[in-house]
Amino acid sequence: MAGKKKIQGRTLWTGSILAALVAAVAVFGAMLQAEKTVLTRYEKGIIYVAAKEIPKGQNLTEENMEEFLEQKELDVGCIPKTAVSSREQIRDLTALERIEPGVLITTGMFRTRDQITDKMAEPVIAGFKADDLYQVAGGVLRTGDRIHIYYEDEEGTVRLKWSDVFVQQVFDASGRTIGNEDRATSASRINIYLDKADVEPFYTDLKTGSLKVVKVCG
């Protein structure tokens with residue numbers, strides 16, 4: 001009888017050890033999973049922020065991306081789906097609005113040339129001198145600005161002829177491109193996007209001095 005009790009005791013002891021081992025393995029597995037979850041939560045991802053102010057209408061090129069963009073690491077859980085993680089995503093795109101330094105860059109902040117000219121049958125770039133138009137918004141036009149062009153007839157009646165015309169590029173008196181960060185230099189020559197069918201009437205009216213320009217604000 002004593003031997004039987006002894007065997008039962010050993011069996012119970014062995015069972016307790018096995019149960020404790022199983023429990024320990026389960027706890028260890030749970031801890032590993034919890035650790036994995038925590039590490040995943042703080043996994044880092046690469047995003048881009050504005051290294052300096054990106055002016056409205058600024059075109060990002062291979063040459064100036066180093067100047068305007070700065071690479072940062074951020075917790076994956078904090079990165080929005082539209083965040084820019086590669087320069088290729090916004091190369092040759094134009095800033096829709098002014099972007100302040102340090103702001104996280106997203107794809108929605110930019111537009112392509114096609115989005116600017118998508119309503120044109122055959123988009124072209126037309127250039128003119130500021131002297132050819134009345135005031136030209138005081139000479140403060142910059143790349144990315146939009147303008148309305150008005151026509152004044154012989155009787156002095158003024159009416160809108162072209163609306164939301166996109167300024168492609170501006171130049172100073174010496175022919176140098178004026179950067180969007182330059183808020184002082186007056187534009188002496190302006191390039192705009194026009195539909196090819198509008199080029200002839202534009203230059204005809206321009207020659208008569210009957211065109212006036214206003215800048216779209218906002």
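Our structure is the block above this text.
About the thresholds
- Residues numbered from 1 in each chain as written.
- Predicted model: local features only at pLDDT ≥ 70, side-chain atom pairs only at ≥ 80, totals over all residues.
- Heavy atoms only, no water.
- Helix = DSSP H or I, 4+ residues; strand = E, 2+ residues; numbered from the N terminus.
- Buried < 20%, exposed > 50% of the residue type's maximum accessible area, 1.4 Å probe, protein only.
- Contact = heavy atoms within 4.5 Å.
- Areas by Shrake-Rupley, 256 points an atom, 1.4 Å probe, with all protein chains shown as cover.
- Salt bridge = Lys/Arg side-chain N within 4 Å of Asp/Glu carboxyl O.
- Phe/Tyr/Trp six-rings, centres within 6.5 Å; stacked < 30°, edge-to-face > 60°.
- Lys NZ or Arg CZ within 6 Å of the ring centre and 35° of its normal.

### Quick look at the overall build of the protein
Working step 1: The helix and strand tally for the protein stands at 4 helices and 9 strands.
Working step 2: For the protein, with 218 residues in total, the buried portion stands at 32%.
Working step 3: Residue pairs at least 24 apart in sequence account for 65% of intrachain contacts in the protein once pairs closer than 6 positions are excluded.
Working step 4: Carbon and sulfur atoms form 55% of the exposed surface of the protein, whose accessible area is close to 13,700 Å².

### So, the pattern of salt bridges
Working step 1: For the coordinates displayed, the defined rule picks out 14 salt bridges.
Working step 2: Residues Glu-88 and Arg-91 are paired through a salt bridge, measuring 3.3 Å at the closest nitrogen-oxygen approach.
Working step 3: The closest approach of N and O atoms between Lys-212 and Glu-152, which form a salt bridge, is 3.1 Å. Of the two residues, Lys-212 is situated in strand S9 (residues 211-215) and Glu-152 in strand S6 (residues 146-152); the sequence distance between them amounts to 60 residues.

### Considerations on the packing of aromatic side chains
Working step 1: Using the criterion set out here, one finds 4 aromatic pairs in the structure.
Working step 2: Ring geometry for Phe-166 against Tyr-193: centres 5.9 Å apart, planes inclined by 35°, an arrangement best described as tilted. With Phe-166 in strand S7 (residues 158-171) and Tyr-193 in strand S8 (residues 189-195), the pair connects residues that are 27 residues apart, well separated along the chain.
Working step 3: What makes Phe-166 buried here is its relative accessible area of 7%.
Working step 4: Under the relative-accessibility criterion, Tyr-193 is labelled buried at 8%.
Working step 5: Judged by centre distance (5.3 Å) and plane angle (70°), the rings of Phe-202 and Tyr-203 are edge-to-face.
Working step 6: The class for Tyr-203 is partly exposed, based on a relative accessible area of 35%.
Working step 7: Three or more aromatic residues joined by ring pairs form one cluster here, namely Phe-128, Trp-162, Phe-202 and Tyr-203.
Working step 8: Looking at Lys-161, its charged tip hangs above the ring of Tyr-151, at a distance of 5.0 Å from the centre.
Working step 9: Sitting above the plane of the Phe-171 ring, Arg-189 keeps its charged end 4.2 Å from the centroid.

### Some thoughts on the environment of Thr-117
Working step 1: Mapping Thr-117 onto the fold places it in helix H3 (residues 113-117).
Working step 2: The exposure class assigned to Thr-117 is buried, which follows from its relative accessible area of 5%.
Working step 3: Taking C-alpha positions, Thr-117 is 7.5 Å from Tyr-193, a pair spaced 76 residues apart along the chain.
Working step 4: Excluding residues within four positions of it along the chain, Thr-117 makes contact with Pro-123 and Tyr-193.

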